[in-house]
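# Reading the structure
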Amino acid sequence: MFSLNQTSSYLSKSSSPNLCGFSNSQRKACCCVPVVVTALGNNGRAVMESTLKEIRNGGSVLDLDPKSTVGGGVRDVYGEDRATEDQLVTPWTTSVASGYSLLRDPHHNKGLAFNHKERDAHYLTGLLPPAVFTQDLQERRILHNLRQYEVPLQRYMAMMDLQERNERLFYKLLIDNVEELLPVVYTPTVGEACQKYGSIFRRPQGLYISLKEKGRILEVLKNWPEKTIQVIVVTDGERILGLGDLGCQGMGIPVGKLSLYTALGGLRPSACLPITIDVGTNNEKLLNDEFYIGLKQKRATGKEYADFLHEFMGAVKQNYGEKVLVQFEDFANHNAFELLTKYSTTHLVFNDDIQGTASVVLAGLVAALKLIGGSLDDHRFLFLGAGEAGTGIAELIALEMSKQKGSPVEENRKKIWLVDSKGLIVKSRIDSLQHFKKPWAHDHEPVKELLDAVKAIKPTVLIGTSGVGRTFTKEVIEEMASLNEKPLILALSNPTSQSECTAEEAYAWTQGCAIFASGSPFNPVEYDGKQLVPGQANNAYIFPGLGLGLIMSGAIRMHDDLLLAASEALARQVTQENFDKGLIYPPFTNIRKISAHIAANVAAKAYELGLASRLPRPENLVEYAESCMYSPVYRNYR
C-alpha cells in the first residue's frame, strides 16, 4: 500500500509512460488503491489537488458531492468529458486500469484501436493482434456482422455484447446508424428480449432491487459504482409494452431507454442508472420457468408495495440529491398514476408512458395541422384505449388547446372522446370508471363498438393506445376516410404485433389519403405508383431531449408546460420535405440536433417558470445543449 505523499509525487510526473509510475511489483501491490490521473494541465492538477484534499480529510474520490457544470450537468471529476478528442486521457477505474483488465473495462477498452504507443504504455503488447484499426473501421466490421443475422433477437444480443465490451464503439455505432439500429436496441426487438431475458441473460446490467432488500435499499444503491447519477429509469415490470407482466425480466426496458438517453440525448453513460424493482410477478409461465431470474412469488400489492416504493424514492433522493431525474417506465395503470401524483411534488419525476407518449403524439398532431388544416380545437379526437397512454395524450391535447385559446381545460376536453373495453366513455358509466377516466365521461348515449363510435362522434383524428392488435378494422378505417379528406390515423400500440393496424392497411383502406403514424416502425408502402412513408410516434423523439433540458437547467420539478415546450420544439423540426412525404415527424438521422432543440426549449421554459437552479442562464441554450452532449469518439491515452 502507498501513502498519499507517494501518490501525490507520482501525479506531478505528467510525462511518465507508466500508468501509475511505479515498478511492476509496486503496481501489483497497489491494485486496490484508487489511482486517478488526468491530462488536463493546470485545471486537471487543480481538480486532482481538490480530490487529494478530500481523501486526506477522510473521504474518497467517490464521496464527492455532485455539482453542476458542463459535461451534461454533473461535475466531471476526472476531466474525461472536458478533454477534446485530441487531448490525452489516462484510463482509470477504482483499480489500476492497464493490461488485461483494461481490455475488459468497457468504459475504456478500444480493442484493436489501441495504437502501438498505447499498447506499450499500458501493458497490452501481446494481448492484441498486431493490426491497428480505426474506430470507423471497427464500426464497419461490427455493422457488417450485424447484418448477417436474420433474427432480430440475435442482433439485439450482439449489440448488448458490444455495449458490455466497448462502450464508446457501441454508442458511435448506434448514433451513426440510428434508423437501422433503433428497432434493434429498442422497440420492437426489446419486447422479445424481455420475454426471453432469463434465457439470454449473460452479464447483469443495472440494479435489481427486490423485496428481499426491504429496509436497506439505500445500502443497495450504494453498491452501484457510479456516484454522480443524473437520470434513473425504473420499472417494476408489470406492464411491459403490450406484453403484460414480465416481472424482473422487464430490465430490458430501462437498459434500452438509457442507451437512448446517451445515444440520442447525449447524457454520459456513467450518469445513467437502470433499475428494476422486483416485487414478484403474477405471470404463471415465469413462475414455473426454471430460467426466470426474479423472485418466484406473487406480486406485492397494497401497503407492502406502497411502503417499498416509498423507501426506494426516499433512498434515491438521499443518495443522489434533489435534481436526479426518476423516470417511471411500464408500471401498470393503477400504480403509474398514483406514483406520478404522489412524488411529483417532492421529486423530479417523469412517466414516459403517460407524459412522454403524450408529448410526442401532441408534437405529431401540431405538425399534422400543416397537412389537414385548422387549429387543434377545430378537430375532434377519438381514442381507442383509455389507460395511462390514452388519458395522458388526451389531457396534454386539452392543455395545449387551453394555452392556444385561453379557455378552460374542462371545455376543451369535450372535443376528446375515449373508448375502452366496455365502449365509449360516457356520463352514465361514471360511477364504475377508474378515477383517471372520469374527466372524459361526456354526455352521450352508450356506444359499445368502435365503428359505431366513429359514426357517432365523426372524429377527424383516430388514435389507438389499446395494446390490442388489428382493432382498427377495414370498416373503421373506411368510415374515417368517408368522413375526412385526409384522415389522421395514429396506431400507437407496441410492439408491431400489437399495432391497431399496419401502415399498408391504413393506406390501402383510405386509397392512399391517410396520414399515418405508429408506435413501432413500418416500412414505406407503395400505393398507386407513389411511395408513402409512415411516421413513427416514438417516445425516443422526446424523452432524451426532455431529460437533457431538465438536467442542463438544473430543474428540480416537472411541470406540464415543460412537456408542451418539448412538443412544440419537436413539431418545429418537421420540414416541408418531410410534409411532402406525408411525414409528421422528422427522420431520426438528425435526432441529436432535434434533441438539442428540444432540450433548449425545455430549459428555456424551466427558467421562465422559476424551476431551474443552474444560474446564470446560458446565453445560447441550443449551443449549450450541444456542448453538454457525450461524444463516443475514442480518446487517445498517454
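Residues numbered from 1 in each chain as written. Predicted model: local features only at pLDDT ≥ 70, side-chain atom pairs only at ≥ 80, totals over all residues. Heavy atoms only, no water.

As annotated in an unreviewed UniProt entry, the chain is Malic enzyme from Stephania cephalantha. Within the UniProt record for the chain, the comment given under Catalytic activity (unreviewed entry) is "oxaloacetate + H(+) = pyruvate + CO2". Looking at the chain in UniProt, the text filed under Sequence similarities (unreviewed entry) is "Belongs to the malic enzymes family." (UniProt positions renumbered as here; feature names shortened; annotations may be inferred.)

## A look at the overall build of the chain
Secondary structure summary: the chain contains 27 helices and 16 strands in total. Going through the 638 residues of the chain one by one, you find that 58% of them count as buried. Here the chain has roughly 25900 Å² of accessible surface; of this, 50% comes from carbon and sulfur atoms. (Helix = DSSP H or I, 4+ residues; strand = E, 2+ residues; numbered from the N terminus. Buried < 20%, exposed > 50% of the residue type's maximum accessible area, 1.4 Å probe, protein only. Areas by Shrake-Rupley, 256 points an atom, 1.4 Å probe, with all protein chains shown as cover.)

## Considering the pattern of salt bridges
According to the stated counting rule, one finds 32 salt bridges in the structure shown. For the salt bridge of arginine 202 with aspartate 161, the shortest nitrogen-to-oxygen distance reads 2.5 Å. Placement of arginine 202 in the loop between helix H11 (197-200) and strand E2 (207-210) and of aspartate 161 in helix H7 (residues 152-165) is noted, with a sequence separation of 41 residues between them. Residue arginine 202 is classed as exposed on the basis of its relative accessible area of 52%. A salt bridge links arginine 429 to aspartate 420; the nearest nitrogen and oxygen atoms lie 2.8 Å apart. Judged by its relative accessible area of 14%, arginine 429 is buried. (Salt bridge = Lys/Arg side-chain N within 4 Å of Asp/Glu carboxyl O.)

## Considerations on the sheet that holds strand E9 (residues 423-424)
Taken in spatial order, the seven strands make up an open sheet running E9-E8-E7-E10-E11-E12-E15, and their pairing is mixed. The strands lining the two open edges of the sheet, one partner per strand, are E9 and strand E15 (535-536). Looking at chain direction, strand E7 (residues 381-384) and strand E8 (residues 416-420) are connected through four bridges and run parallel. Looking at E8, one finds that phenylalanine 381 is bridged to isoleucine 416. Across the sheet, helix H20 (residues 450-457) touches E7, E8, E9 and strand E10 (461-464), and the angle it forms with E7 is around 170 degrees. (Pairing = 2+ DSSP bridges. Contact = heavy atoms within 4.5 Å. Axes fitted to C-alpha atoms, helices over the stretch in contact; angles between N-to-C directions.)

## Observations regarding the packing of H7 against helix H8 (residues 167-176)
Look at H7 against H8: their axes get within 5 Å of each other, and the N-to-C directions meet at 135 degrees. What the angle tells us is that H7 and H8 run oblique. Taking contact as the criterion, the partners of Met159, Met160, Leu162, Gln163 and Arg165 in H7 are, on H8, Glu167, Leu169, Phe170, Tyr171 and Leu173. Of the residues assigned to the contact of H7 with H8, the class counts are seven nonpolar, one polar and two charged. (Parallel < 35°, antiparallel > 145°, perpendicular 65-115°, else oblique. Nonpolar A, V, L, I, M, F, W, Y, C, P; charged D, E, K, R; others polar.)

## What about the packing of aromatic side chains?
The geometry of two aromatic rings is summed up by the distance between their centres and the angle between their planes. This model, assessed by the stated rule, comprises 11 aromatic pairs. For the ring pair phenylalanine 114 and tyrosine 637, a centre distance of 6.0 Å and an interplane angle of 50 degrees mean the geometry is tilted. Remark: tyrosine 637 occurs in strand E16 (residues 636-637) and phenylalanine 114 occurs in the loop between helix H4 (99-103) and helix H5 (116-121); sequence separation between them is 523 residues. Pair check on accessibility: phenylalanine 114 and tyrosine 637 agree, each one buried. Ring geometry for tyrosine 171 and tyrosine 630: centres 6.0 Å apart, planes at 80 degrees, overall edge-to-face. Here tyrosine 630 lies in the loop between helix H27 (621-628) and E16 and tyrosine 171 lies in helix H8, a separation of 459 residues in the sequence. Each member of the pair, tyrosine 171 together with tyrosine 630, is buried. Through a chain of ring-to-ring contacts, three or more aromatic side chains come together here, namely Phe170, Tyr171 and Tyr630. For lysine 110, the ring lying beneath its charged end belongs to tyrosine 637, and the centroid distance is 4.8 Å. Taking the ring centre of tryptophan 440 as reference, the NZ or CZ of arginine 413 above it sits at 5.6 Å. (Phe/Tyr/Trp six-rings, centres within 6.5 Å; stacked < 30°, edge-to-face > 60°. Lys NZ or Arg CZ within 6 Å of the ring centre and 35° of its normal.)

## Concerning the sheet that holds strand E4 (residues 272-278)
Strand pairing in a sheet is mediated by backbone hydrogen bonds. Such pairs are either parallel or antiparallel. Strand order in the open sheet formed by five strands is E2-E4-E3-E5-E6, and the pairing between neighbours is parallel. Both edges of this open sheet fall to E2 and strand E6 (348-351), since each of them pairs with a single strand only. Going from strand to strand, the sheet's axes swing by 25 degrees on average, the running direction of each strand aside. Where strand E3 (residues 231-235) and E4 come together, five bridges link them in parallel fashion. Bridge pairing links valine 231 to cysteine 272 in E4. The sheet contacts of helix H13 (residues 252-265) involve E3, E4 and strand E5 (325-328), and relative to E4 the element is tilted by about 165 degrees. Sheet contacts for helix H16 (residues 333-343): E5 and E6; angle to E6, the most-contacted strand, approximately 160 degrees.

## So, helix H18 (residues 388-405)
For H18, with 18 residues, the first-to-last C-alpha span of 26 Å sits near the 26 Å given by 1.5 Å per residue. Along H18, 13 of the 18 residues are buried, which leaves the element largely enclosed by surrounding structure. A positive backbone phi angle near 70 degrees is found at glycine 406, which sits one or two residues after H18. (Expected span 1.5 Å × (residues − 1).)

## As for the UniProt feature "binding site: (S)-malate" (unreviewed entry) in the chain
Per the UniProt record, "binding site: (S)-malate" (unreviewed entry) is found at Arg239, Asn494 and Asn538. Secondary-structure assignment places asparagine 494 in the loop between strand E11 (488-491) and helix H22 (503-509). Structurally, the position occupied by asparagine 538 is in the loop between E15 and helix H23 (543-553). Those residues within four positions of asparagine 538 in sequence are excluded, and the remaining contacts are Leu182, Thr187, Val360, Gly519 and Phe588. Separated by 2.8 Å, the side chain of asparagine 538 and the backbone nitrogen of alanine 540 make a polar contact. (Polar contact = N/O pair within 3.5 Å; in protein donor to acceptor, adjacent residues only side chain to side chain.)

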